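# Results of the structural survey
What follows is each chain in one-letter form.
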Amino acid sequence: MSKVVIEHNPDAARLEELGVSSWPTWSKEVPVFPFDFDDQETAYILEGECVITPDDGGEPVHFGAGDLVVFPAGLSCTWEVRKALKKHYSYD
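Residues numbered from 1 in each chain as written. Predicted model: local features only at pLDDT ≥ 70, side-chain atom pairs only at ≥ 80, totals over all residues. Heavy atoms only, no water.

## Quick look at a negative patch on the surface
We apply this condition: A residue counts toward a patch only above 30% relative accessible area and without a salt bridge, and it is joined to like-charged neighbours within 9 Å or, for Val, Leu, Ile, Met, Phe, Trp and Tyr, to nonpolar neighbours within 5 Å. For the area figures, the Shrake-Rupley method with a 1.4 Å probe applies, and any residue is considered shielded solely by the protein chains shown. Only one rule defines a salt bridge in this text: a Lys or Arg side-chain nitrogen within 4 Å of an Asp or Glu carboxyl oxygen. Charge convention: Lys and Arg are scored as positive, Asp and Glu as negative, and His as well as the terminal groups of each chain are ignored. For this purpose, a charge sits on NZ of Lys, CZ of Arg, CG of Asp or CD of Glu. Each helix is a run of H or I in the DSSP string that is no shorter than four residues. Each strand is a run of E no shorter than two, and both are numbered from the N terminus.
Together, Asp-36, Asp-38, Asp-39, Asp-55, Asp-56 and Asp-92 give the surface a local cluster of negative charge. Relative to the elements of secondary structure, Asp-36 occurs in strand β3 (residues 32-36).

## Topic: the packing of aromatic side chains
Just so we agree on the cut-off: In this analysis, rings of Phe, Tyr and Trp, with Trp reduced to its six-membered ring, are considered paired at centre separations within 6.5 Å, and the interplanar angle assigns stacked below 30 degrees, edge-to-face beyond 60, and tilted for intermediate values. Three labels apply to residues, based on accessible area from a 1.4 Å probe with only protein chains included: buried if under 20% of the type maximum, exposed if over 50%, partly exposed otherwise in between. Charge over a ring is defined by NZ of Lys or CZ of Arg lying within 6 Å of the ring centre and within 35 degrees of the ring normal.
On inspection of all chains with the given rule, the structure shows 10 aromatic pairs. Centroid distance Phe-63 to Phe-71: 5.7 Å. Interplanar angle 70°. Geometry classified as edge-to-face. Across the pair, Phe-71 and Phe-63 agree in class, each one buried. Look at Phe-71 and Trp-79: their rings are 5.5 Å apart centre to centre, the planes differ by 40°, and that puts the pair in the tilted class. The pair Phe-71 / Trp-79 is uniform in exposure class, with both members buried. Here the basic side chain of Lys-28 rests over the ring of Phe-33, its NZ or CZ set 5.2 Å away from the ring centre.

Following this line, the structure appears as structure tokens:
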């Protein structure tokens, strides 16, 4: 399975190229919950801090405010939201 890809602090030109400001937003308080990605998702983290742990035994992935994250289609994982999360997101 593909891995989660994190681009730390992409510059404004990169975010504009992707059209991030026009993507919908999603917010979540501090829970732990399972999630399956049916499609590839690209997310730009506006606020918060999170750790996801792949169900296949892969290493936990940490990300937070300012990160651009690509979650591969087919990823099953557990989310641990450590600080309330707000993100822009787009499905590819």
